[in-house]
Amino acid sequence: MDAKEMIARRAAQELRDRTLVNLGIGLPTLVARFVPPGLHVAFQSENGILGFGARPPEGMEDPNLTDAGGGFIGAEPGAASFDSAMSFALIRGGHLDMTVLGGLQVDAAGRLANWMVPGQLVPGMGGAMDLVTGARRVIIAMQHAARGESKIVPRLSLPPTAERRVDLVITDLAVIEPTPDGLLLRECAPGISVAEIVAATAAPLIIPDVVPDMPLGGGR
């Protein structure tokens, strides 16, 4: 499997039964493909849908069914659509059990930057600030590095999304838990050593005596 699928599979292991979960645009939408068997999860997207599923097979897409990034999605039985006001009432009202978001940087304090790069045109901040503030649990699913530079840094150099510490960071190399004491290395990706993770990470890591391999599970 490629790096994105591995990250999505591991993120899907954080899903819990009968929960309301937002999936951010890009890589996080892949999580819908790997829901563990027996779990009933309602996925929400900021553009106003609750109960969406994985992207349909090629040729079966419906142009009226897209996520907040414009990607095609499916609709599970019982799905509902509504306006942005209702969608953000769910987010800002604290009704989301979890959100899975992409990231540009996470720093040693667990703060996220994911909504803009200075000097580049962006259409708007989207729902990232609301999601990081409003969801009960915030999972970041992203590549460990970009263009050879670690995305897990001592201090953010990009504008922060929120002051809140995120709950978990899942990359193609590791699972890292931001804690009050720093970034705790919880799991290694299959075939990746602790030394390789430390070398690829700009921020300092707390290394426990035993670091297990990342469970990837199955999915639908």
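To be clear, the structure that these remarks concern was listed above.
In this text, all values refer to a predicted model and were calculated from it rather than measured experimentally.

Cut-offs and rules
- Residues numbered from 1 in each chain as written.
- Predicted model: local features only at pLDDT ≥ 70, side-chain atom pairs only at ≥ 80, totals over all residues.
- Heavy atoms only, no water.
- Pairing = 2+ DSSP bridges.
- Helix = DSSP H or I, 4+ residues; strand = E, 2+ residues; numbered from the N terminus.
- Salt bridge = Lys/Arg side-chain N within 4 Å of Asp/Glu carboxyl O.
- Buried < 20%, exposed > 50% of the residue type's maximum accessible area, 1.4 Å probe, protein only.
- Core = buried A, V, L, I, M, F, W, Y, C linked by side-chain atoms within 4.5 Å.
- Contact = heavy atoms within 4.5 Å.
- Arc of directions from axis to C-beta.

Draft legend 1. Representation of the sheet that holds strand 4 (residues 74–81) in the model. With mixed pairing, ten strands are arranged side by side in an open sheet as 4-3-2-1-5-8-12-13-14-15. Edge positions in the open sheet fall to strand 4 and strand 15 (205–206), since each of these has one partner strand only. Relative to strand 12 (residues 168–170), strand 8 (residues 138–141) is paired through three bridges, and the arrangement is parallel. Residue isoleucine 139 lies in a different strand from strand 12, and its bridge partner there is leucine 168.

Draft legend 2. Structural context of the pattern of salt bridges. Here the structure, examined in full by the defined rule, presents eleven salt bridges. For glutamate 187, the salt bridge goes to arginine 10, with nearest N and O atoms at 2.7 Å. Linking glutamate 187 in strand 14 (residues 182–188) with arginine 10 in helix 1 (residues 3–12), this pair joins segments that are 177 residues apart in sequence. Side by side, glutamate 187 and arginine 10 carry an identical accessibility label, which is buried. The salt bridge involving arginine 137 is made with glutamate 14; its shortest N-O contact spans 2.9 Å. You can see arginine 137 sitting in the loop between helix 3 (128–134) and strand 8 and its partner glutamate 14 sitting in the loop between helix 1 and strand 1 (19–23), a full 123 residues away along the chain. Classification of arginine 137 by relative accessible area gives partly exposed; the value is 25%. Glutamate 14 gets classed as buried once you look at its relative accessible area, which sits at 6%.

Draft legend 3. Representation of the nonpolar core within the structure. Of all hydrophobic cores here, the largest spans 29 residues; its most connected members are Leu15, Leu23, Val31, Phe43 and Val100. Secondary-structure elements contributing two or more residues to this core are helix 1, strand 1, strand 2 (41–45), strand 3 (49–53), strand 5 (98–101), strand 8 and strand 12. The biggest single contributor to this core is helix 1, with five residues. Setting aside residues no more than four positions away along its own chain, valine 100 makes contact with Ala11, Asn22, Leu23, Gly24, Pro28, Val31, Ile139 and Ala141. Within the second largest apolar cluster, 27 residues are counted, among which are Leu112, Val169, Leu173 and Ile176.

Draft legend 4. Fine view of helix 2 (residues 84–92). When helix 2 is considered as a whole, its buried residues turn out to be Ser87, Phe88, Leu90 and Ile91. Viewed end-on, helix 2 has its buried residues packed into an arc of 145 degrees, placing them on one side of the element. Every exposed residue of helix 2 that faces more than 90 degrees away from the buried side is listed here: Ala85 and Arg92. Residues of helix 2 that are buried sit in contact with strand 2 and helix 3. In the segment just after helix 2, glycine 94 is the residue with positive phi, at about 80 degrees.

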